[in-house]
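Reading the structure
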Amino acid sequence: MLIARRTALQGLLTCALAVGAAAAPSVRAAPAEPPLAAPTGPVVLTIGGALRNANRDGRAAFDMAMLEKLPQVSFSTQTPWYPQPRRFTGPLLRDVLAAAGAQGRTIEARALNDYRVQIPLTDSHRYDVIVARLLDDRPMAVRDKGPLFLIYPFDHAPELRNSVFYGRSAWQLTHLELR
């Protein structure tokens, strides 16, 4: 009788596994990310580290035209660096990172003068941080904190108006390292 029960249980288990396997959804591979085009002009931003879309020596390199092709966002905000609110325009940081196939948890932003700041990757999803390429609708020269300025929308979220987020903004941005 014990053998009959064991055989019956094994039969039920085999049947349940077969039904479960038949009902299980098929697993599909994630759609492939489009390859990142190679820059044709001078490179203004490189992204290194944990990324899936490299186009130059294991890094994602962007010229200004590549950044212009991404969806553009504009906002005006008061900053500690200008006496009046200024209008910043450029792609969202999260869109630039998506184009590079960014992975990781932190971003180290680097500027021309070797300023470095650690930014949680979650900031790019929580806030509309932009890689500004225009200031008041004009390209920024290096002497005007350009050509790229990583900027938070300080006036859109009161919690951004403090030294932590001011410090995460980086003018004369040249490189992002993903970790």
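Residues numbered from 1 in each chain as written. Predicted model: local features only at pLDDT ≥ 70, side-chain atom pairs only at ≥ 80, totals over all residues. Heavy atoms only, no water.

1. A closer look at the overall build of the chain
Note the cut-off: Runs of E in the DSSP output that reach at least two residues are strands. Runs of H or I that reach at least four are helices, and both are numbered from the N terminus. Relative accessibility thresholds used throughout: buried, under 20% of the residue-type maximum; exposed, over 50%; partly exposed, between the two (1.4 Å probe, protein chains only). Every residue pair with non-hydrogen atoms within 4.5 Å of one another is taken to be in contact. For accessible areas, the Shrake-Rupley method is used with a probe of radius 1.4 Å. Any residue's cover is judged against the shown protein chains and nothing else.
Along the chain, the regular secondary structure elements total five helices and 12 strands. Taking all 179 residues of the chain together, 40% fall into the buried category. Contacts in the chain between residues at least 24 apart in sequence constitute 60% of all its contacts with a sequence separation of at least 6. When the accessible surface of the chain is summed, it comes to about 10300 Å², and 58% of that surface belongs to carbon and sulfur atoms.

2. Thoughts on the nonpolar core
Note the cut-off: To form a nonpolar core, buried Ala, Val, Leu, Ile, Met, Phe, Trp, Tyr and Cys residues must be joined to one another through side-chain atoms within 4.5 Å.
Counting 44 residues, the largest nonpolar core has I47, F62, F88, L150, L173 and L176 as its most contacted members. Broken down by element, this core gets its largest block of residues, four residues, from helix α3 (residues 93-99). The residues touching F88, leaving out its near neighbours within four places in the chain, are V73, S74, F75, T77, T79, Y82, I130, A132, L134, L135, F149 and I151.

3. Considering the sheet that holds strand β2 (residues 60-63)
Rule in force here: Note on pairing: two strands pair once DSSP finds at least 2 bridges between them. Axes, fitted as lines to C-alpha atoms, cover a helix only where it is in contact. Angles between the N-to-C directions of the axes lie from 0 to 180 degrees.
Read across the sheet, five strands follow the order β2-β1-β12-β5-β6 without closing on themselves; strand pairing throughout is mixed. Single-partner strands in this sheet number two, and they are β2 and β6 (116-120). The mean angle between the axes of side-by-side strands here comes to 20°, regardless of whether they run parallel or antiparallel. One ladder, built from four bridges, connects strand β1 (residues 43-49) with β2; its direction is antiparallel. Residue I47 lies in a different strand from β2, and its bridge partner there is A60.

4. Description of the packing of aromatic side chains
Going by this rule: Aromatic pairs are defined between Phe, Tyr and Trp rings, using the six-membered ring for Trp, whenever the two ring centres lie within 6.5 Å; interplanar angles under 30 degrees are classed as stacked, those over 60 as edge-to-face, and all others as tilted. Geometrically, a lysine NZ or arginine CZ counts as sitting over a ring once it is within 6 Å of the ring centre and also within 35 degrees of the ring normal.
One pass over the structure, following the stated rule, counts 13 aromatic pairs. Seen from their ring centres, Y82 and F88 are 6.4 Å apart, and the 55° between their planes marks the pair as tilted. In textbook terms, an aromatic cluster arises when at least three aromatic residues are bridged by ring pairs, as seen for F75, W81, Y82, F88, Y127, F149, Y152, F154, F165, Y166 and W171. Between K145 and the ring centre of Y82, over which it is positioned, the NZ or CZ distance is 5.5 Å. R168 extends its terminal NZ or CZ atom over the ring of F165, reaching a point 4.8 Å from the ring centre.

5. A closer look at the environment of S124
For clarity, the threshold we go by: In protein, a polar contact means a hydrogen-donor-capable atom and an acceptor-capable atom, both N or O and within 3.5 Å, with residues adjacent in sequence counting only if both atoms are side-chain atoms; elsewhere, any N or O pair within 3.5 Å suffices.
In this structure, S124 sits in helix α4 (residues 122-126). Residues S124 and I107 lie 17 residues apart in sequence; the distance between their C-alpha atoms is 9.7 Å. Separated by 2.7 Å, the side chain of S124 and the backbone oxygen of L121 make a polar contact.

6. A closer look at the environment of R110
Among the secondary structure elements, R110 is positioned in strand β5 (residues 106-111). On the basis of relative accessible area, R110 is assigned to the buried category, the value being 18%. Linking R110 and T46, residues 64 residues apart in sequence, is a C-alpha distance of 9.9 Å. Beyond its immediate sequence surroundings of up to four residues, R110 is in contact with Y115, R116, Q172, L173, T174, H175, E177 and R179. Polar side-chain contacts of R110 include one of 2.7 Å to the side chain of E108.

7. Comments concerning the pattern of salt bridges
Note the following rule: Every case where a carboxyl oxygen of Asp or Glu lies within 4 Å of a side-chain nitrogen of Lys or Arg is listed as a salt bridge.
Tallying each qualifying case throughout the model produces 11 salt bridges. Ionic pairing is found between R179 and E108, a salt bridge with its closest N-O pair at 3.8 Å. Taken together, the residues span a long stretch of sequence, with R179 in the segment after β12 (173-178) and E108 in strand β5 at a distance of 71 residues. Residues joined by salt bridges that share partners form a network here, namely E108, R110, D114, R116 and R179.

8. Here we look at the side chain of T77
Tracing the chain through its elements places T77 in strand β3 (residues 72-77). According to the relative accessible area criterion, T77 is buried, its value standing at 1%. A polar contact of 3.3 Å, which involves the side chain of T77, links it to the backbone nitrogen of F154. Each residue touching T77, except ones within four places of it in the same chain, is listed here: P85, R86, F88, Y152, P153, F154 and D155.

Any functional reading would require information that these geometric values do not contain.
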